[in-house]
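Fold and contact review
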Amino acid sequence: MTMTEKKPAGVRRLHIKSMSDTNLLLLITIGVFLLMYVGAILFQGSGFLKPQTFFNILNANAALIIASCGLTIVMITGSIDISVGGVAALVSMCCAVYLDYKDGNIFVSALIALGIGLGFGLVQGFLVAYLDIQPFIVSLAGMFFARGMTTIVHTNPFNVQNEAFVDLKETRITVPGMGSVNRIGKYVDAYVEIGVVVALLLVVLLFVLLRWSRLGRGFYAVGGNRQSALMLGINVKRTRFLAHLLCGVLAGIGGYVYFLHVGSGAASHASGMEMNAIASAIIGGTLLTGGVGNIAGTLFGVLSLSLIQNIVSSAGLDQAWWTGITIAAMLCLFLIIQSIVMARKKGTSQ
C-alpha cells in the first residue's frame, strides 16, 4: 500500500488529529509570544518598539533556529538528538582553523561544515534507525565525541582574521523602512545578518517539506504510530534515518551560521545549544512523544525563549539563575498546555 492509496479509517483519524493538535499548539505559541512582546513594550519602555530590537533577537539566534528545526524533525518522529551543540562547536573550530591556519577560503569552509553535519547525521541515523539503538544514547555519544574532537582540533580559542571571512561576517542586509532615530537624532537603518536570511529560508523550506511532501507526512506517521505507518507501507527505518540525517545536516549549517555570528573558534562554543533547541521545539508545540510539531511553531519557540531572556535582562535581573528560572517556568507552562490539549483531544475522540 502506498501513501496515495486510501488509508484505514483509524489511521486517517490519527493523522487528522495530529495535524489539528499541531495547528492548535502553533496558535497558542504565537499568542503567548505576542502577549509577551506587547507586555515588554508596555512595562519596559519603548526600546522593544524599535524594529532593530526584534531583528537583534533574530541575529543572535539564527543558528539556534536552524538547530531547533533539526530537533523538531527528529522529535516529530519520536526520536531525539542532543549532539547539535557539539556539532556546532566542532564546525566552528574546524572552519576557524582551516581559514586562519590553512589559508582557506569561505566556500570550502562551508563545505567542511556541511560535511561534518552530514557525517554525524549518517552515523547517528544508521545507529538509531537500522541498529535500533536508543537515540538519546547515540546522540549523547555524538555530543561527547564532537566536544572532544573540538579540543583536539585546537585547544585555545581565537578570533578568525581571514579577510574574506571577516568581510562576510560583517555583511549586513538592510531592511527597508524599518529603521529608527537614535539618541543623537540620526536615522539608523535596521539590518539583519546573513545567517538570519539562511535561517528563514530553511524555515520556509522545512515548513513546506513537513506540510506538503510525502516524506513530511511519513515523519508524522512514524512519530504518531509506527505500526500504523508500517500498515501504510512507509519504510519506518528509512524515515527515521532520514530524520536524523536531516538533523545532522541542519546542525552543520547551524554551526556555520553560528561561526559567522561569533567569528571565532572555541571548545566552549554553542554550550547548551542542544537544550535550548529542545526547549524551543517544545515551546513551539512539538511533543516529545512524537507525531505533533510544526516548524513555524519552533521559530516562535526560539523567539519566545530569547524574548524572555531579554525581558529578564531589561528588568535588571542580570544574574544567570533568573534566566534559568524564567525559562524553566515557561517550559513548564507549555508542557502543561500540551498536556491539557492532548487530554482534551483524547477525551473528545473516545
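Given the structure is predicted, the values throughout are model-derived calculations rather than measurements.

This part is about the overall build of the protein. A count of helices and strands for the protein gives 13 helices and 4 strands. In terms of overall dimensions, the protein is globule-like: its C-alpha atoms have a radius of gyration of 21 Å, near the 20 Å expected for 350 residues. When its C-alpha atoms are laid out on the principal axes, the protein stretches across 65 × 50 × 35 Å. The proportion of buried residues among the 350 residues of the protein is 50%. For the protein, the share of sequence-separated contacts (at least 6 apart) that also reach a separation of at least 24 residues comes to 76%. About 16100 Å² of surface is accessible on the protein, with carbon and sulfur atoms providing 67% of the total. Looking at the protein, you have 22 positive and 13 negative side-chain charges, and the mean spots of the two groups are 18 Å apart.

Of note in the backbone geometry, aspartate 103 takes a positive phi value of approximately 55 degrees without being a glycine. Relative to the helices and strands, aspartate 103 is located in the loop between helix 3 (84-101) and helix 4 (106-129). Assessed through its relative accessible area of 68%, aspartate 103 is described here as exposed. In the Ramachandran plot, aspartate 132 falls in the positive-phi region, its phi being about 55 degrees despite a non-glycine side chain. Among the structural elements, aspartate 132 can be located in the loop between helix 4 and helix 5 (135-153).

So, about helix 10 (residues 236-262). Between its first and last C-alpha atoms helix 10 spans 39 Å; for 27 residues at 1.5 Å apiece the expected length is 39 Å, and the two agree. A large share of helix 10 lies buried, amounting to 20 of its 27 residues. If you check the start of helix 10, you find a side-chain oxygen 3.4 Å away from the backbone N of lysine 237, and it comes from asparagine 235. Positive phi appears at glycine 263, one or two residues downstream of helix 10, with a value of about 65 degrees.

This part takes up the nonpolar core. Counting residues in hydrophobic clusters, the biggest one holds 81 residues, and the most contacted among them are Ile65, Leu71, Tyr256, Phe259, Met273 and Leu307. When residues in this core are grouped by element, the largest group, 15 residues, is from helix 2 (residues 51-76). Sequence-distant contacts of phenylalanine 259, defined by excluding residues within four places in its chain, comprise Ser92, Cys95, Ala96, Leu99, Val160, Phe165 and Ser264. In this structure, Ala221, Ala229, Ile234 and Val236 belong to the second largest nonpolar core, which totals 6 residues.

Bringing the packing of helix 2 against helix 12 (residues 295-314) into the picture now. Their axes nearest at 9 Å, the elements helix 2 and helix 12 cross at an angle of 135 degrees. When the interaxial angle is binned, helix 2 and helix 12 end up oblique. At the point where helix 2 passes helix 12, the crossing takes the right-handed sense. Between helix 2 and helix 12, the contacting residues are Phe54, Ile57, Leu58, Asn61, Leu64, Ile65, Ser68, Cys69 and Thr72 on the first element and Ile295, Thr298, Leu299, Val302, Leu303, Ser306, Leu307 and Asn310 on the second. Partitioned by chemical class, the residues of the contact of helix 2 with helix 12 number 11 nonpolar, 6 polar and no charged.

This next bit is on the confidence of the model for the protein. The predicted model of the protein averages 89 in pLDDT, with 91% of residues at 70 or higher. Confidence over residues 1-19 falls short of pLDDT 50; this stretch has 25 contacts with residues more than four positions distant or in other chains.

Procedures and definitions
- Residues numbered from 1 in each chain as written.
- Predicted model: local features only at pLDDT ≥ 70, side-chain atom pairs only at ≥ 80, totals over all residues.
- Heavy atoms only, no water.
- Helix = DSSP H or I, 4+ residues; strand = E, 2+ residues; numbered from the N terminus.
- Rg over C-alpha atoms; globule rule 2.2 N^0.38 Å.
- Buried < 20%, exposed > 50% of the residue type's maximum accessible area, 1.4 Å probe, protein only.
- Contact = heavy atoms within 4.5 Å.
- Areas by Shrake-Rupley, 256 points an atom, 1.4 Å probe, with all protein chains shown as cover.
- Lys, Arg positive; Asp, Glu negative; His and termini not counted.
- Charge placed at Lys NZ, Arg CZ, Asp CG, Glu CD.
- Expected span 1.5 Å × (residues − 1).
- Polar contact = N/O pair within 3.5 Å; in protein donor to acceptor, adjacent residues only side chain to side chain.
- Core = buried A, V, L, I, M, F, W, Y, C linked by side-chain atoms within 4.5 Å.
- Axes fitted to C-alpha atoms, helices over the stretch in contact; angles between N-to-C directions.
- Parallel < 35°, antiparallel > 145°, perpendicular 65-115°, else oblique.
- Left-handed = near helix turned anticlockwise from the far one by under 90°.
- Nonpolar A, V, L, I, M, F, W, Y, C, P; charged D, E, K, R; others polar.
- pLDDT = per-residue confidence, 0-100.

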